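# Summary of structural features
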Amino acid sequence: MAIRIGFGVDFHQLGQGRDLFIGGVKIPHYLGAIGHSDADVLLHAICDALLGALALGDIGTHFPDTDQRFKNIDSKILLKETVDLIVKEGYAVINIDSTLCLQEPKIKPYINEMKKTIAAIIGITEKDISVKATTTEQMGFVGRKEGLIAYATVLLERL
């Protein structure tokens with residue numbers, strides 16, 4: 001097929017003693033995301049969307065949390081390696097649409113930097129990347145500030 005769509009989702013707990021990285025940007029906050037890598041929920045969802053579009057498995061298949069090489073790794077590296085896999089398969093990213101679900105912190109001041117970071121890694125323009133955010137109106141684990149979620153959809157085109 002010439003066009004492929006992929007969808008990804010990722011969840012991470014929030015806790016003390018960790019930095020908060022979202023979209024490749026370190027965001028000042030008293031809680032950070034807990035995970036084997038830097039736990040960048042947005043970049044992980046984008047990786048899964050890219051891999052899913054070409055039926056290449058998921059982020060855990062390519063970067064397992066049982067492998068010490070990925071302990072505390074910068075998720076920008078994981079995204080770059082995922083993009084390399086997509087290109088190797090003969091595809092390029094057309095656009096990304098993503099949504100973050102978190103009660104706090106407010107990320108609007110960081111969205112442009114996230115888009116710039118993601119665009120540089122993937123090789124598309126910032127205008128081809130949408131990063132939105134919403135709360136859960138204080139419902140569920142996100143509303144209780146125990147975690148955060150990211151959803152991403154990507155469109156790929158055969159080169």
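### Let's talk about the nonpolar core
Grouped together as the largest cluster of nonpolar side chains are 46 residues, with contacts concentrated most on Ile22, Ile46 and Leu79. Mapped onto this core, the elements with two or more residues apiece are strand E2 (20–22), strand E3 (25–27), helix H1 (41–53), helix H3 (75–88), strand E5 (91–101), helix H4 (111–122), strand E6 (129–134) and strand E7 (147–158). Here this core takes nine residues from H1, the largest share from any one element. Residue contacts for Ile22: discarding those within four places in its chain leaves Ile27, Asp40, Leu42, Leu100, Leu102, Ile107, Met114 and Leu148.

### Observations concerning the sheet that holds E6
The strands that make up a sheet are held in pairs by hydrogen bonds between backbone atoms, and each pair lies either parallel or antiparallel. On the basis of which strands lie adjacent, the open sheet formed by five strands has the order E4-E1-E7-E5-E6 and mixed pairing. Edge strands, defined here as strands with exactly one partner in the open sheet, are strand E4 (32–33) and E6. Pairing analysis gives 10 bridges linking E5 to E7, with the strands arranged antiparallel. Paired with Thr99 across the bridge in E7 is Tyr151. Against the sheet, H1 touches strand E1 (3–15), E5, E6 and E7, its axis set at about 150° to E1. Sheet contacts for H4: E5 and E6; angle to E6, the most-contacted strand, approximately 145°.

### Re the layout of surface pockets
Volume-wise, the largest pocket comes out at about 200 Å³. Of the residues that constitute the lining of the largest pocket, the class distribution is five nonpolar, five polar and two charged.

### Considering the pattern of salt bridges
Should their charged atoms come close, side chains of opposite charge can pair. Scanning the entire structure with this criterion turns up seven salt bridges. For Asp67, the salt bridge goes to Arg69, with nearest N and O atoms at 2.6 Å. Taking the shortest distance from any N to any O, the salt bridge between Lys145 and Glu104 comes out at 3.3 Å. Pair noted here: Lys145 is in the loop between helix H5 (140–143) and E7 and Glu104 is in the loop between E5 and H4, with a separation of 41 residues, a long-range link.

### What to know about the pairing of E5
Alignment of E5 against E6, held across six bridges, turns out to be parallel. By the bridge assignment for E6, Ser98 is matched with Val131. Crossover connection from E5 via H4 to parallel E6: handedness right-handed.

Rules used in this analysis
Residues numbered from 1 in each chain as written. Predicted model: local features only at pLDDT ≥ 70, side-chain atom pairs only at ≥ 80, totals over all residues. Heavy atoms only, no water. Core = buried A, V, L, I, M, F, W, Y, C linked by side-chain atoms within 4.5 Å. Buried < 20%, exposed > 50% of the residue type's maximum accessible area, 1.4 Å probe, protein only. Helix = DSSP H or I, 4+ residues; strand = E, 2+ residues; numbered from the N terminus. Contact = heavy atoms within 4.5 Å. Pairing = 2+ DSSP bridges. Axes fitted to C-alpha atoms, helices over the stretch in contact; angles between N-to-C directions. 1 Å grid on protein atoms, 1.4 Å probe; cavity = no way out; pocket = protein on both sides within 12 Å on 5 of 7 lines; lining within 4 Å. Points joined across faces, edges and corners; volume = space filled by probe spheres on them. Nonpolar A, V, L, I, M, F, W, Y, C, P; charged D, E, K, R; others polar. Salt bridge = Lys/Arg side-chain N within 4 Å of Asp/Glu carboxyl O. Right-handed = clockwise from strand over helix to strand, strands pointing away.

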